[in-house]
Amino acid sequence: MRDRWVGVAVAATLMMGMAVPVPAHAEGDEIVGGMGKKLVRGVVDTFTGWVEWPVQTYKGWTRGVSFVKNETGSKVTGTAIGFIWTGPSHALGRTLYGVRDLFNFWAPNPDNNEGVGTPLDAEYAWEEGTKYDSFDPNLSDGLLKPWGRKILRGVGNGFGAILELPGQIVKGCKEDKIGTGIVKGIWYPFGRWSHGFGEAFTFFLPSQKDNLGHAFEEKWG
């Protein structure tokens, strides 16, 4: 199964005219395999994002909310929040980030999203997952600070993407791998630019807890 999807990833790359030369020293199979996984999840999230709306509405009923002590009131409030906010935001976030991964599966991205933005509560829309509490331990630490870090990372990567070109070339020269440096200097900026500005404009939408595909070697360009 994995080999089949890896083949799909490579074929799609060639068809879109965005074939990426893989540095000779890198573990090519691992990089291409990561692209395949990113492509598969991108396809799934793109076409199942809408499922989050009814699922989050149902989860709102079963989970309730912590700030309402009455059980019935908690469930009713949770259902309302699920229908009005959690459902639409999860549906839109999963769909948009799915589209990004679908078309940018070949581009590098940050290693993970720990502490950056609010996470989707499950890898796939139909799973139970774990509820993320934006008020734990308080609204500032649970929501505002993660949103702020997402904006900063998005803006930093978006505007700093161009720095990858000279940075990777200099790094390649130091390591006596100028060819690798040139390839990465051309390849990496696309990932930083698309991922960065995408995050900056959608900082309020939940996203996956982890990123698939090839990760940047440095935090900043």
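Our subject is the structure that appears above.
Residues numbered from 1 in each chain as written. Predicted model: local features only at pLDDT ≥ 70, side-chain atom pairs only at ≥ 80, totals over all residues. Heavy atoms only, no water.

**Digging into a nonpolar patch on the surface**
Taken together, the side chains of Trp53, Phe67, Ile81, Phe83, Ile84, Trp85 and Phe204 define a hydrophobic patch exposed on the protein surface, amounting to about 730 Å² of accessible area. Broken down by element, the residue count for the nonpolar patch peaks at four residues, all from helix α4 (residues 71–103). (Patch = residues over 30% accessible without salt bridge, like charges linked within 9 Å, V, L, I, M, F, W, Y side chains within 5 Å. Areas by Shrake-Rupley, 256 points an atom, 1.4 Å probe, with all protein chains shown as cover. Salt bridge = Lys/Arg side-chain N within 4 Å of Asp/Glu carboxyl O. Helix = DSSP H or I, 4+ residues; strand = E, 2+ residues; numbered from the N terminus.)

**Here's the deal with the packing of helix α5 (residues 139–160) against helix α7 (residues 178–201)**
Between α5 and α7, the least distance of the axes is 7 Å, while the angle of their chain directions is 145°. Considering only the axes of α5 and α7, their crossing is left-handed. Each of Lys150, Ile151, Arg153, Gly154, Val155, Asn157, Gly158 and Phe159 in α5 lies in contact with α7, whose residues at this interface are Arg192, Trp193, His195, Gly196, Phe197, Glu199 and Ala200. For the contact of α5 with α7, the residue count by class is six nonpolar, five polar and four charged. (Axes fitted to C-alpha atoms, helices over the stretch in contact; angles between N-to-C directions. Left-handed = near helix turned anticlockwise from the far one by under 90°. Contact = heavy atoms within 4.5 Å. Nonpolar A, V, L, I, M, F, W, Y, C, P; charged D, E, K, R; others polar.)

**Quick look at the nonpolar core**
Counting residues in each nonpolar core, the largest one holds ten residues, listed as Ile31, Met35, Leu39, Leu102, Phe105, Trp106, Ala107, Trp187, Tyr188 and Phe216. Sort the elements by how many residues they give to this core and helix α2 (residues 28–48) lands first, with three residues. (Core = buried A, V, L, I, M, F, W, Y, C linked by side-chain atoms within 4.5 Å. Buried < 20%, exposed > 50% of the residue type's maximum accessible area, 1.4 Å probe, protein only.)

**Some points on helix α3 (residues 52–63)**
For α3, the full list of buried residues reads Glu52, Val55, Gln56, Thr57, Lys59 and Gly60. Of the residues trailing α3, glycine 64 is marked for its positive phi of about 65°.

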